[in-house]
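Now for the letters of each chain:
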Amino acid sequence: AVLRSFVSEEKLTPLIEPVFEEFRRGEVPGMGRDLCDMSGPYTRAFKDFNIVNAVLPRKYRAELRGNVFERRAHAVAKLVLGEDATLDYDQFLSK
């Protein structure tokens, strides 16, 4: 099945892109091991990361919770998986 007009680029880009870039640049404070290089040890300096892995970004940035994308994705998940479908994990990756 194809979902047409799930979320317009005009609505999604201003919401996600600036926040994603903050994670990608390592600018979100207090993440500890939730910000790591997926391809290396936790001890690797951020400047040497190959794959930026931001685990649980919704925990660190409130605007990622309950936004238009999340609401629509939840509605689709309930249609496909059933009414008890819930979000249990979120992650940003950048290579």
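This section reports on the structure supplied with the text.

## Structural notes on unusual backbone geometry
One non-glycine residue, S5, lies in the positive phi region at around 60°. On the secondary structure map, S5 appears in the segment before α1 (9-24). With relative accessibility at 73%, the residue S5 sits in the exposed group. Although it is not a glycine, L56 sits at a positive phi angle of roughly 55°. By the secondary structure assignment, L56 is in the loop between β2 (52-55) and α2 (57-60). A relative accessible area of 29% means that L56 is categorised as partly exposed.

## Here we look at a nonpolar patch on the surface
Where nonpolar side chains cluster on the molecular surface, the patch consists of L79, V80 and L81 and spans about 400 Å² of accessible area. Residue classification places L81 among the exposed positions, given a relative accessible area of 65%.

## Here we look at the pairing of β2
Of the two faces of β2, both are covered, the one formed by V52 and A54 as well as the one formed by N53 and V55. Examined bridge by bridge, strand β1 (residues 35-37) and β2 share three bridges and lie antiparallel to one another. In the strand pairing of β2, D37 is matched with V52.

## So, the layout of surface pockets
Over the atoms, a rolled probe matching the size of one water molecule traces out where space is still vacant. Size it by volume and the largest pocket reaches roughly 440 Å³. Lining the largest pocket are 17 residues, with R58, F69, E70, A73 and L87 positioned closest to its centre. Secondary structure elements with two or more residues in the lining of the largest pocket: α1, α2, α3 (68-81) and β3 (91-94). Per element, the largest residue contribution to the lining of the largest pocket is five residues, and it comes from α3. In the lining of the largest pocket, the residues fall into 10 nonpolar, four polar and three charged.

Conventions adopted
Residues numbered from 1 in each chain as written. Predicted model: local features only at pLDDT ≥ 70, side-chain atom pairs only at ≥ 80, totals over all residues. Heavy atoms only, no water. Helix = DSSP H or I, 4+ residues; strand = E, 2+ residues; numbered from the N terminus. Buried < 20%, exposed > 50% of the residue type's maximum accessible area, 1.4 Å probe, protein only. Patch = residues over 30% accessible without salt bridge, like charges linked within 9 Å, V, L, I, M, F, W, Y side chains within 5 Å. Areas by Shrake-Rupley, 256 points an atom, 1.4 Å probe, with all protein chains shown as cover. Salt bridge = Lys/Arg side-chain N within 4 Å of Asp/Glu carboxyl O. Pairing = 2+ DSSP bridges. 1 Å grid on protein atoms, 1.4 Å probe; cavity = no way out; pocket = protein on both sides within 12 Å on 5 of 7 lines; lining within 4 Å. Points joined across faces, edges and corners; volume = space filled by probe spheres on them. Nonpolar A, V, L, I, M, F, W, Y, C, P; charged D, E, K, R; others polar.

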